[in-house]
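Single-letter residue listing:
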Amino acid sequence: MAAEFKTVTPRLRKFWLDVHLYLALTVGFLFVLLGLSGSLNVFYLELDGLLNPELHVEQTQGPYRPLDEIMASVRAAHPNRSGSWLVFMPRPGQPTLRAVYPKPDESADKLFAPLIVNVDPYTAEVLSSRFWGDTLTTMIYELHASLLLGKFGAADAGRIGFKIVGFLGVFLFVSVATGLYLWWPRGGKFRQALTLKRGASAVRLNYDLHKTCGVYAAVVLLVLAFTGFSFAYRDWIRPVVAWLSPVNAEPFKNPLELKSTPLPGAEPISIDQAVAIADRVFPGAELRWIATPDGPDGYYAVEKRQDGEANVRRPRSKVWIDQYSGKILKIEDPNAFTAGETFLNLMWPLHNGEALGLPGRILVCATGFVPLVLYVTGLIHWLKKRQARRFARSVDRGQGAKARPISVLTSEEVRDECR
């Protein structure tokens, strides 16, 4: 039985080594692109502000201008854009208010290319009007989300790109998992396996860098792989989660049955009034996002962030309000979520690091550079290993001197490469 185990284990190890290798050679470069673009996306709003000085806002101690005044300024700059606007409140590192028009005619054929209007919240001055995908930061975002197919192709191409990126999460998960299996030290020598060998050759140092960098980043990479997959294949993940715990609340979706009821002679309530109504539902919670009514039967949707919510950019404390009567149509409170809903709600803040605050964002940003390190060190290791094996075969055939000068690859390096 022991002899059989010894013969099976090397074969199994060889199989997973081949899987790990072929994934790196075929889609490893895509992992690098997604990692680097993901790192930048963690702070894409801050980077956008740095790259565009016109978005600089002098942050005073005074209050913001009323939202109705701000939106009047936005609509004056874009008088022909009727329908709903999405208003994103300023946040640390991104001091402008952003009014987003989701489906402008100019990009109606794209999967996602809204008009983004940046406004100084202290003066209500419109600072810029740009389409998503026309700036460097949003192009990097598109690269990460759909490999730019959403930018240069029609909506269907964008959906395909989004699905491809999501499925790359499966490949990344397998690559990291096989790497952990191959790294696992035989004989329990974990301390040696978790450190770089002092005074080692360049070949050994490259190998140690590959395995230690991979193992230290493994947990975060596995989380990023799974959460990235969950965005594109939510319809696969949701039934599995719902089998364990009920899932009713859909993230960032408006219930189809909600409508405002027009009243004879009644004027719509103001944005600030709608926010005041939401304040009564979630007193003390931070205002993050407002959607204005889309047409006569549209409604206000107000998102706030309660203390302890993992989502920062798009929290889930939400109130839907009739635009005429101010009646509350629906409330969504993440504190009342089931375990399944809470789990799904964590996918986005885990993916961008928001769940752990600024340290989490920095951790995810740093981890995005790991695929580059693994790709380069892994490629060097593979090439040197091939070189070592060719040299060893040439020595066996008595052709070592012709094949390659022995001084280029030392005997210690051959042992390291053939281990």
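Described in the following lines is the structure provided in the data block. (Residues numbered from 1 in each chain as written. Predicted model: local features only at pLDDT ≥ 70, side-chain atom pairs only at ≥ 80, totals over all residues. Heavy atoms only, no water.)

## Digging into the pairing of strand β7 (residues 317–322)
Regular strands have side chains that alternate between both faces of the sheet. Of all six residues in β7, six are buried, a share of seventy percent or more. Burial along β7 is two-sided: the residues Ser317, Val319 and Ile321 and Lys318, Trp320 and Asp322 are all buried. One ladder, built from six bridges, connects strand β6 (residues 299–305) with β7; its direction is antiparallel. Bridge pairing in β7 links tyrosine 300 to isoleucine 321. The pairing of β7 with strand β8 (residues 328–332) spans four bridges and is classified as antiparallel. For valine 319, the partnering residue across the bridge sits in β8 and is isoleucine 331. Linking β7 to β8, which pair antiparallel, is a turn of five residues; within it glycine 326 sits at a positive phi near 80 degrees. (Buried < 20%, exposed > 50% of the residue type's maximum accessible area, 1.4 Å probe, protein only. Helix = DSSP H or I, 4+ residues; strand = E, 2+ residues; numbered from the N terminus. Pairing = 2+ DSSP bridges.)

## Things to note about helix α13 (residues 357–367)
Regarding α13, the residues found buried are Gly360, Arg361, Val364, Cys365 and Thr367. Mapping the buried residues of α13 onto a view down its axis gives an arc of 165 degrees, with all of them on the same face. (Arc of directions from axis to C-beta.)

## Considering the nonpolar core
Core analysis: the largest hydrophobic core is formed by 28 residues, its most contacted members being Leu67, Trp85, Ile290 and Ile321. Within the residue set of this core, elements represented by two or more residues are α3 (67–77), β2 (97–101), β3 (115–120), α10 (271–281), β5 (286–291), β6 and β7. Broken down by element, the residue count for this core peaks at five residues, all from α10. For tryptophan 85, the contacting residues outside a window of four places in its chain are Met71, Val74, Arg75, His78, Ala99, Val100, Tyr101, Leu115, Val117, Ile290, Ala291 and Thr292. (Core = buried A, V, L, I, M, F, W, Y, C linked by side-chain atoms within 4.5 Å. Contact = heavy atoms within 4.5 Å.)

## Points about empty space enclosed by the protein
Inspection of the entire model under this criterion finds three cavities of 30 Å³ or more. The space that makes up the largest cavity amounts to roughly 100 Å³. Secondary-structure elements contributing two or more residues to the lining of the largest cavity are α2 (44–51), β3, β4 (125–131) and α4 (136–146). With three residues, the top contributor of residues to the lining of the largest cavity is α2. (1 Å grid on protein atoms, 1.4 Å probe; cavity = no way out; pocket = protein on both sides within 12 Å on 5 of 7 lines; lining within 4 Å. Points joined across faces, edges and corners; volume = space filled by probe spheres on them.)

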